[in-house]
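If you want the building blocks of each chain, they are given just below.
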Amino acid sequence: MAKSEDCIHILQGLLVFGNVVIGICGIALTAECIYFVSDPHGLYPLLEATENDDIYAAAWIGIFVGFALFALSILGIIGIIKSDRTLLLVYIILMLITFAFEMASCITAATHRDFLTPNLFLKQMLERYQKAEPDNNNDKWMTEGVTKTWDKLMLQNHCCGVLGPSDWQEYTSAFRVTHNDADFPWPRKCCAMDAQGLPVNLDGCKLGVPGYYNSNGCYDAISGPVNTHAWGVAWFGFAILCWTFCVLLGTMFYWSGIEY
Amino acid sequence: SPSTLPARLPYVPRVPPMALLGKVTATTFALDRPCCVFDRHANTSDTVWLVVAFANASATFRNPPSRADVPLYKQLPTTHSYMTLETAAAVYACPAPSPAVLRVGGDTACKDQGRQDPCNGPLPSPGPYRVKFLLMGCHGPKAETRWSDPILLRRALSPSTIDPVPTRRGSDVVVIASLLASLGTVLATAVLGALGAKVWSSLYQRDLGTSAFACRSYWTHHIPPALPQPLSPGCQCSPPGLGCLALQPPAPC
């Protein structure tokens with residue numbers, strides 16, 4: 001009798017501990033996803049314009065899944081301590097639904113990260129940066145977002161183009177339509193700036209004299225935060241799901257042993 | 001006299017060999033300065049011009065006999081050559097600290113105004129072009145360098161040629177998707193199995209005490225309240241008016 005009592009208590013203790021961890025991880029997931037959705041690097045307009053912003057959708061799902069995990073973990077702890085069959089059944093079913101949503105979020109984040117190639121940003125930059133005549137309101141909104149984001153990126157990270165300033169020379173662009181090649185081989189923001197925000201040496205910048213223009217591409221500055229975002233949602237969610245899987249199996253085992 | 005042929009200098013104009021990203025663009029190109037080249041032939045009043053011609057028209061170019069006959073920038077489509085960058089010969093004299101390059105095509109203001117001055121406007125087509133320097137005095141050309149190699153300007157592609165589709169699927173996606181799918185399937189199967197087993201056993205009222213889990217039979221749960229005391233054999237009230245009846249104890253099942 002004593003042995004099976006211990007057995008029960010150990011299982012209860014393990015499940016309570018498992019649910020505590022799920023609750024904490026749920027809060028952490030919510031916090032992490034809120035951080036990503038707040039877009040601290042200002043890259044959302046670029047993703048919105050590619051019409052490929054599903055990693056943000058994944059982060060939004062993560063926020064709600066995190067809350068759900070926290071609430072359900074409390075429900076689970078109560079159900080285990082009281083050995084209430086109904087509560088545990090509700091817990092298991094709701095947890096399964098949450099599991100499914102989190103699965104969707106992880107797979108979405110991981111899959112859509114792969115779509116964000118340098119060529120995607122290059123094509124978008126060439127077609128939208130400083131586009132003079134947008135087709136409609138939506139186009140205008142996206143064009144403004146892309147232009148502002150690129151200006152900010154090039155100034156803050158001292159970079160130019162996606163792979164380098166030669167992007168502007170190798171391809172025609174919306175920028176080239178309004179800015180002639182002789183005066184603007186690349187945008188002014190690619191020039192090394194002084195404290196007043198004016199180019200240090202404009203002729204040196206136009207000629208490409210080392211030191212007077214930004215020779216690096218901005219792709220690293222874009223892909224770094226985007227990767228952190230996507231992998232943060234995907235892998236952390238995956239880890240939570242693995243743990244939740246074990247706790248759920250244990251809870252189902254416990255539930256099936258409770259008799260009326 | 002005007003019929004004196006200009007001296008042929010061995011200098012060959014060239015695009016600067018150093019690493020300058022903008023030395024050749026779609027409408028401009030850069031040239032090394034011809035420093036110290038004209039020192040033997042130049043007076044203080046002489047000027048050095050740059051002759052720009054399409055590569056296939058350079059053989060037919062004739063030096064202009066005087067400054068008035070210099071072909072201008074706007075005549076490039078018809079005469080297939082023009083002269084620009086009129087500079088005092090002293091600027092290229094030795095020794096002279098100077099910026100290293102000349103930029104051909106850098107003046108976008110002059111092409112629209114149609115001025116008669118020598119205009120260093122952007123080149124209208126990718127070329128190829130050949131250039132040479134010409135030293136002009138009061139009586140005509142005094143010296144010239146050799147023609148450069150053909151200079152081809154950049155041709156830009158359309159961005160519609162860029163293919164944004166990723167080349168290969170990352171391995172992370174495969175790992176996450178396959179592991180999660182299998183976990184989800186196992187869970188769903190486990191829940192359905194447990195529910196199914198419960199439904200099955202409650203339909204057939206089977207005794208579950210013989211299961212393998214040693215803990216199961218003894219798990220705490222809602223302990224039903226204590227059974228009521230069995231009725232003591234004796235009087236049970238019958239409908240009023242009939243009196244007491246002695247009951248027999250219930251027979252064992």
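A quick note: this is a predicted structure, and the numbers were derived from the prediction, not measured. (Residues numbered from 1 in each chain as written. Chains lettered and ligands numbered in written order. Predicted model: local features only at pLDDT ≥ 70, side-chain atom pairs only at ≥ 80, totals over all residues. Heavy atoms only, no water.)

### Some thoughts on the UniProt feature "transmembrane region" (unreviewed entry) in chain B
Cut-off, in case you're wondering: UniProt positions are given in the numbering used here, feature names are shortened, and annotations may be inferred rather than shown by experiment. Numbering of helices and strands runs from the N terminus, with a helix taken as a DSSP run of H or I at least four residues long and a strand as a DSSP run of E at least two residues long.
Sequence positions flagged by UniProt for "transmembrane region" (unreviewed entry) are, in local numbering, residues 173-197 of chain B. Structurally, residues 173-197 of chain B comprises 100% helix and 0% strand, and the distance from its first C-alpha atom to its last is 36 Å.

### Let's talk about the sheet that holds strand 1 (residues 7-8) of chain B
Residue and element names in this part refer to chain B. We apply this condition: DSSP bridges decide pairing: two strands pair if at least two such bridges lie between them.
Taken together, the five strands give an open sheet; going across it, the order is 1-7-6-3-4, and neighbouring strands pair in mixed fashion. Only two strands of the sheet have a single partner each, and these edge strands are strand 1 and strand 4 (81-88). Where strand 3 (residues 47-54) lies against strand 6 (residues 129-137), eight bridges are found, and the strand directions are antiparallel. Within strand 6, the position partnered with Leu-50 by the bridge is Phe-133.

### Remarks on the state of the cysteines
Residues and elements named next belong to chain A. For clarity, the threshold we go by: Defined by distance alone, a disulfide is two cysteine sulfur atoms within 2.5 Å. Exposure categories follow from relative accessible area, calculated using a 1.4 Å probe and restricted to protein chains: below 20% of the type maximum is buried, above 50% is exposed, and the middle band is partly exposed.
Under the criterion given, the structure shown has three disulfides over all chains. Each disulfide pairs two cysteine sulfurs, and for Cys-159 the partner residue is Cys-218, the sulfurs being separated by 2.0 Å. Here the disulfide of Cys-159 and Cys-218 is right-handed, its torsion about the S-S bond being about 100 degrees. Of the two residues, Cys-159 sits in the loop between helix 6 (137-157) and helix 7 (166-170) while Cys-218 sits in the loop between helix 9 (202-207) and helix 10 (219-257), which places them 59 residues apart along the sequence. Neither Cys-159 nor Cys-218 differs from the other in exposure class; each is buried. Each sulfur of the disulfide joining Cys-191 and Cys-205 lies 1.9 Å from the other. Here Cys-191 and Cys-205 share a disulfide; its torsion about the S-S bond, -85 degrees, makes the bridge left-handed. Of this pair, Cys-191 sits in the loop between helix 8 (174-178) and helix 9 while Cys-205 sits in helix 9, placing them 14 residues apart in sequence. Look at Cys-191 and you get buried, because its relative accessible area is 2%. Take Cys-246: it sits in no disulfide, and the sulfur closest to it among the cysteines is that of Cys-242, at 7.3 Å.

### Focus on the interface of chain B and chain A
Where the parts come together, the accessible area they lose is often given as the size of the interface. What counts is decided by this rule: The contact criterion used throughout is that any non-hydrogen atoms of two residues lie within 4.5 Å. Buried area counts how much accessible surface, traced with a 1.4 Å probe, disappears from two parts once they are put together, with both parts' losses summed. Any Lys or Arg side-chain nitrogen located within 4 Å of an Asp or Glu carboxyl oxygen qualifies as a salt bridge. Definition of a polar contact: a pair of N or O atoms within 3.5 Å, with one able to donate and the other able to accept a hydrogen when the atoms are protein atoms, and with sequence-neighbouring residues admitted only if both atoms are side-chain atoms.
Between chain B and chain A, the contact holds 55 residues from the first and 62 residues from the second. Taking both sides of the interface into account, the surface hidden between chain B and chain A amounts to around 5,000 Å²; carbon and sulfur atoms contribute 73%. The interface formed by chain B and chain A holds zero salt bridges in total. Scanning the region where chain B abuts chain A turns up 14 residue pairs in polar contact (both at pLDDT 80 or more). Among the elements of the structure, strand 5 (101-104) and helix 3 (171-204) of chain B are those that each provide at least two residues to the side of chain B that touches chain A.

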